[in-house]
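Fold and contact review
The chain contents come next:
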Amino acid sequence: WVKLDSIDNTADNILRKNATNANGNSFSIYKFRNLYEDGRFAFYVYNESETMARLRGPNVSYQTGIWYYLAGTYNGSRLMFYINGIASTDSGYENLTGNIYNTNGQPFLIGRSNRNFVEDFFNGTIDEVVIFDKALTEHEIMVIYKLDLS
């Protein structure tokens with residue numbers, strides 16, 4: 001769950017798993033910059049070949065003070081990204097095969113990147129972060145979303 005405190009022109013990391021690859025990460029959920037990249041939420045994964053798959057959420061006007069439920073899954077062959085239990089309809093970058101890039105003990109970061117630039121800190125609130133040891137189904141994502149609403 002995330003809630004934006006402001007709508008600004010920064011690319012904010014929400015969750016990020018660092019890695020030793022050239023890109024410095026294994027997977028991430030983040031918010032794009034507003035001015036250049038339309039301010040959407042997005043989820044990406046790098047595989048062991050350092051190939052990236054990415055899905056963006058819908059191009060809507062996100063609001064401050066509203067909670068959004070974000071979930072990303074990768075099952076070894078397909079990336080999925082959900083906002084408020086609804087699967088992203090973004091296409092073109094969701095297909096990937098292989099294991100997620102080996103992180104070799106690198107940190108898992110919440111609300112920031114490893115670069116420590118001001119614009120890399122999430123400007124809002126993050127709650128109830130959960131990492132599962134399997135890719136959840138769309139049904140399981142919706143059940144969790146609805147349970148948290150009640």
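Right, let's walk through the structure included here. (Residues numbered from 1 in each chain as written. Predicted model: local features only at pLDDT ≥ 70, side-chain atom pairs only at ≥ 80, totals over all residues. Heavy atoms only, no water.)

Concerning a nonpolar patch on the surface
As a reminder, the rule being used: Exposure above 30% relative accessible area and no salt bridge define the residues that can form patches, which grow by joining like charges within 9 Å and nonpolar side chains of Val, Leu, Ile, Met, Phe, Trp and Tyr within 5 Å. Accessible surface area values rest on a Shrake-Rupley calculation with a 1.4 Å probe, where residue burial reflects the displayed protein chains alone. By salt bridge we mean one thing: a side-chain nitrogen of Lys or Arg within 4 Å of a carboxyl oxygen of Asp or Glu. Residue burial is assigned from relative accessible area. The probe radius is 1.4 Å, only protein chains are included, and a residue is buried under 20% of its type maximum, exposed over 50%, and partly exposed in between.
Taken together, the side chains of Phe108, Ile110, Val129 and Ile131 define a hydrophobic patch exposed on the protein surface, amounting to about 330 Å² of accessible area. We classify Ile131 as exposed; its relative accessible area is 53%.

A few points about the sheet that holds strand S2 (residues 12–18)
The line we're drawing: If DSSP finds at least two bridges between two strands, the strands pair. Secondary structure elements are taken from DSSP: a helix is a run of H or I of four residues or more, a strand is a run of E of two residues or more, and numbering for both begins at the N terminus. Axis definition: a line fitted to C-alpha atoms, over the contacting stretch in the case of helices. Angles run 0 to 180 degrees between N-to-C directions.
Taken in spatial order, the five strands of this open sheet run S5-S4-S3-S2-S10, and their pairing is antiparallel. Each edge of the sheet is formed by a strand with only one pairing partner; in this case those strands are strand S5 (52–56) and strand S10 (108–110). Geometrically, the sheet is characterised by an average inter-axis angle of 10° between neighbouring strands, direction not taken into account. Across five bridges, strand S4 (residues 41–46) lies against S5 in antiparallel orientation. By the bridge assignment for S5, Tyr44 is matched with Arg54.

A few points about the layout of surface pockets
Heads up, the condition is: Each cavity reported here is a set of points on a 1 Å grid over the protein atoms alone in which a 1.4 Å probe fits but cannot get out, each pocket an open set with protein on both sides within 12 Å along at least five of seven lines, and each lining residue one with an atom within 4 Å of a point. Grid points are joined across faces, edges and corners, and a volume is the space filled by probe spheres set on the points. Polar here means any residue outside two lists: the nonpolar Ala, Val, Leu, Ile, Met, Phe, Trp, Tyr, Cys and Pro, and the charged Asp, Glu, Lys and Arg; Gly therefore counts as polar.
Here the largest pocket is characterised by a volume of approximately 710 Å³. Lining the largest pocket are 32 residues, with Gly72, Thr73, Val130, Ile131 and Phe132 sitting closest to its centre. Mapped onto the lining of the largest pocket, the elements with two or more residues apiece are S2, strand S3 (25–31), S4, strand S7 (70–74) and helix H2 (138–149). The residue inventory of the lining of the largest pocket, partitioned by class, reads 22 nonpolar, five polar and five charged.

A look at the nonpolar core
As a reminder of what qualifies: The set of buried Ala, Val, Leu, Ile, Met, Phe, Trp, Tyr and Cys residues whose side-chain atoms join them within 4.5 Å is what this entry labels a nonpolar core. Throughout, a residue-residue contact means that at least one pair of heavy atoms, one from each residue, lies within 4.5 Å.
Ile14, Phe41, Leu70 and Phe81 are the most contacted members of the largest nonpolar core, which totals 20 residues. Listing elements by their share of this core, those giving two or more residues are strand S1 (2–4), S2, S3, S4, S5, S7 and strand S8 (79–83). Residues in contact with Ile14, not counting those within four places in the same chain, are Val2, Ile29, Tyr30, Lys31, Phe41, Leu70, Leu109, Ile110, Gly111, Phe122 and Ile126. Core analysis: the second largest hydrophobic core is formed by nine residues, Tyr69, Met80, Leu136 and Ile141 among them.

Thoughts on the pairing of S3
Of all seven residues in S3, seven are buried; the element is thus mostly enclosed. Direction of pairing for S2 relative to S3: antiparallel, over a ladder of six bridges. Its bridge partner lying in S3, Lys17 is registered against Phe27. Bridge analysis of S3 against S4 gives five bridges, and the strand direction is antiparallel. Following the sheet pairing, Tyr30 is matched in S4 by Ala42.

Distances and angles like these do not, on their own, reveal function.
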